[in-house]
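Fold and geometry: a report
The residues making up each chain are set out below.
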Amino acid sequence: MQYFEWNLPNDGCLWQQLKEDSKHLSEIGVTAVWIPPAYKADEQQDEGYATYDLYDFGEFDQKGTVRTKYGTREQLQEAISALHDNGVQVLLDVVLNHKAGGDYKEKFEAVLVNPDNRNEDAGEPHEIESYTGYDFPARGDKYSSFKWHWYHFSGVSVDSSTGTEGIFRIIGDGKGWSKGVDNENGNYDYLLANDIDLDNPEVCEELDKWGQWVVKEFGFDGFRMDAVKHMDNNFTRNFLKCVKEEGGDNFYAVSEYWGNDIDALKGFLDAVDNQTDLFDVPLHFNFHAASEKGAEFDMSSLLDGTLVSQNCDLAVTFVDNHDSQPGSSLESEVADWFKPIAYALILLMREGYPAIFYGDYYSENRVGSCHRVILDRLLEARRLYAYGEQDLLFDHPNVVGLVRHGDDEHKDSGLVLLMSNNEDGWKDVCLGPEHAGEHWCEMTGSINDEIELDENGCAAFSVKGRNIAVWIKKQG
Ligand code: CA
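Quick caveat: nothing in here was measured; it's all calculated off a predicted structure.

**Some words on the side chain of Ser154**
Within the secondary structure, Ser154 is located in strand β9 (residues 153-159). Apart from residues no more than four positions distant in its own chain, Ser154 is found in contact with Phe168, Arg169, Ile170, Gly176, Trp177, Asp189, Asp195, Ile196 and Asp197.

**Here's the deal with the packing of aromatic side chains**
Between two aromatic rings, the relevant description is the distance of the centres plus the angle of the planes. Counted according to the given criterion, the structure contains 39 aromatic pairs. Between Phe57 and Phe218, the ring centres sit 4.4 Å apart and the planes meet at 35 degrees, which makes this aromatic pair tilted. Taken together, the residues Phe57 in the loop between β3 (51-53) and α2 (73-85) and Phe218 in helix α3 (residues 201-218) connect sequence positions 161 residues apart. For the pair shown, Phe57 and Phe218 are each scored as buried. For the pair Trp258 and Phe318, a centre-to-centre distance of 6.2 Å together with 50 degrees between the ring planes defines the contact as tilted. Placement of the pair is Trp258 in the loop between β13 (252-255) and α5 (262-271) and Phe318 in the loop between β15 (315-316) and α8 (339-348), with a sequence separation of 60 residues. Overall, Trp258 belongs to the buried group, its relative accessible area being 10%. A relative accessible area of 2% means that Phe318 is categorised as buried. Over the ring of Tyr134 we find Lys99; its NZ or CZ atom is 5.2 Å from the centre of that ring. In this structure, Arg466 is placed above the aromatic ring of Trp337, and the distance from its NZ or CZ to the ring centre is 3.9 Å.

**So, the pattern of salt bridges**
As enumerated under the stated definition, the model contains 28 salt bridges in all. Among the salt bridges present, the one from Glu59 reaches Arg73, with a minimum N-O distance of 3.4 Å. Of this pair, Glu59 sits in the loop between β3 and α2 while Arg73 sits in helix α2, placing them 14 residues apart in sequence. Here Lys339 ties to Asp360 by a salt bridge, and the two come within 2.5 Å at their closest N and O atoms. Separated by 21 residues along the polypeptide, Lys339 in helix α8 and Asp360 in helix α9 (residues 358-361) bring together distant segments of the chain. Accessibility expressed as a relative area gives 1% for Lys339, which makes it buried. It is possible to trace a salt-bridge network through shared partners that takes in Glu59, Arg73, Lys142 and Glu217.

About the criteria used
Residues numbered from 1 in each chain as written. Predicted model: local features only at pLDDT ≥ 70, side-chain atom pairs only at ≥ 80, totals over all residues. Heavy atoms only, no water. Helix = DSSP H or I, 4+ residues; strand = E, 2+ residues; numbered from the N terminus. Contact = heavy atoms within 4.5 Å. Phe/Tyr/Trp six-rings, centres within 6.5 Å; stacked < 30°, edge-to-face > 60°. Buried < 20%, exposed > 50% of the residue type's maximum accessible area, 1.4 Å probe, protein only. Lys NZ or Arg CZ within 6 Å of the ring centre and 35° of its normal. Salt bridge = Lys/Arg side-chain N within 4 Å of Asp/Glu carboxyl O.

Below, the structure is given as structure tokens:
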């Protein structure tokens, strides 16, 4: 579960809430939580992506606050302990592309570049001034004595001496945009704030050290790597290798490569030696398109061009996240009516490692989500019935589904999932003669009538329009 969303209140209570929630999360089948960037950002209310000090987890009075938006270091450690006591892994959101909130200004040479083609200069090199000096006054040298300067960055967004805003490429010996990044806008190294120079050996050494420190210090089970399309692949590959030396071979990683191009995703995985899973962004976009187009969307193409269909071992399937929700930078939220369909697919399909979004389970500002009831039912279906071999039934433009045949380990497991984006429908499904005469029922509450399987274990399984049906063997 992604345990945060964009609009959480700035009350410093998330770690406390997570601690109290750890038993419940374990009971519903959550095996890992992805927590937001937990270190000090440029201001208290920031979600954590405007990173200031990677070593300050709410411990030092910096940027006008000891705690972060989510709480103090002590509260975070208590939450991690509680989660581990309940068998739930903790994945830290790791932001290494950029830093914000520099402590003081420095002067250096830079040149404005064309934002649509960052390989093209849009002016003459000249001296500018920007907040690229970091000395961490309250932390000092504790945990690390590394201080950041302009030459540890590749680009900045403002010349403070004139107030000019834009993308400035920093000029200096061996400096320039990283080569191993996404090629959108010519070169997509620069995203925002002070872009970290991941080709600088001092920077790489410091970040590798930090990666090992944070795993040892907090006992994290894995990382969620932010913004990897803007980071040099060589750095990411070496960083993950280095962190796994501390965290062990089972140390988990999932990376955010936001893009709909499956070839770019596969190219990244290749470049980092497949050391990380990737969020299945193309699947998210298919869900988004299906939810917008309604009956016009061809449901048999729902898995086309997705990572889960082409490299399922490394795919983390999800419906929405903090970036796709309304008002966020990459807004593309899946419409409410389609969310049960999307979640049924990712939670019950054999392939992929599914992630539930806090915003869909708990909703904004903890007011309660309309999707929680169906998510609890689907999590139950996943825990009890979603086992064994699978047949995909993606053979109709409006009604698709899948069969899980169950296994010997889980008594009476197996299910038939059907999904419709138009009218009521059905599919003839044969489960085999060993199921002859069984009674099956629908477990999410969308259909009340039972069905009886014939002597070959076949029946017409139905689904209501714009809904899901999860059929299981009638218990007892
Ligand atoms: Ca970058």
